[in-house]
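# Residue-level structure breakdown
The residues making up each chain are set out below.
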Amino acid sequence: MMSKKRMEPYDAAWEQRYQKIHEEMRGAIGDVALAIEHIGNTSFSSLVTSSVLDVMVGVSNMEVADTCTEQIGR
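Values in this document were obtained by computation on a predicted structure and should not be read as measured data. (Residues numbered from 1 in each chain as written. Predicted model: local features only at pLDDT ≥ 70, side-chain atom pairs only at ≥ 80, totals over all residues. Heavy atoms only, no water.)

### Points about the overall build of the chain
Looking only at helices and strands, the chain has 2 helices and 2 strands in total. Secondary structure elements of the chain, listed N to C terminal, follow the sequence α-β-β-α. For the chain, whose C-alpha radius of gyration is 14 Å, the value lies well above the compact-globule estimate of 11 Å for 74 residues. Dimensions of the chain along its principal axes, counting C-alpha atoms only, are 35 × 30 × 20 Å. Evaluated residue by residue, the chain yields a buried proportion of 20% over its 74 residues. The contacts in the chain between residues at least 6 apart in sequence include a share of 57% that link residues at least 24 apart. (Helix = DSSP H or I, 4+ residues; strand = E, 2+ residues; numbered from the N terminus. Rg over C-alpha atoms; globule rule 2.2 N^0.38 Å. Buried < 20%, exposed > 50% of the residue type's maximum accessible area, 1.4 Å probe, protein only. Contact = heavy atoms within 4.5 Å.)

Quick look at the structure:
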């Protein structure tokens with residue numbers, strides 16, 4: 001069954017939500033993250049989109065990624 005996503009105009013609160021997520025992730029995984037970025041539709045103020053925030057974490061290798069997954073899941 002297909003789910004219907006509600007489309008919304010850009011909301012400036014999305015950037016604030018991302019900043020909170022960024023801080024929480026940085027606190028959980030520290031400096032092993034080379035980058036933590038807000039990506040996807042909600043990162044563009046000109047798009048109408050669903051309100052799901054996409055975040056990408058850049059790391060040096062997959063072993064580090066596995067460690068990050070464990071840390072974030074706590």
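### What about the nonpolar core?
Counting residues in each nonpolar core, the largest one holds 9 residues, listed as Trp14, Tyr18, Met25, Ile29, Ala33, Ile36, Leu53, Val64 and Cys68. Within the residue set of this core, elements represented by two or more residues are helix H1 (13-29) and helix H2 (62-72). Broken down by element, this core gets its largest block of residues, 4 residues, from H1. In this structure, Leu53 is in contact with Trp14, Arg17, Tyr18, Ile21, His38 and Thr42, ignoring residues within four places of it in sequence. (Core = buried A, V, L, I, M, F, W, Y, C linked by side-chain atoms within 4.5 Å.)

### Things to note about the packing of H1 against H2
To characterise two packed helices, one gives the angle between the axes of the helices and the distance between these axes. Contact geometry for H1 and H2: axes closest at 9 Å, N-to-C directions at 115 degrees. In terms of axis orientation, H1 runs roughly perpendicular to H2. Regarding H1 and H2, the two cross each other, and that crossing is right-handed. Packed against H1, whose contacting residues are Met25, Ala28 and Ile29, the element H2 presents Cys68, Gln71 and Ile72 at the interface. Grouping the amino acids of the contact of H1 with H2 by side-chain chemistry returns 5 nonpolar, 1 polar and no charged. (Axes fitted to C-alpha atoms, helices over the stretch in contact; angles between N-to-C directions. Parallel < 35°, antiparallel > 145°, perpendicular 65-115°, else oblique. Left-handed = near helix turned anticlockwise from the far one by under 90°. Nonpolar A, V, L, I, M, F, W, Y, C, P; charged D, E, K, R; others polar.)

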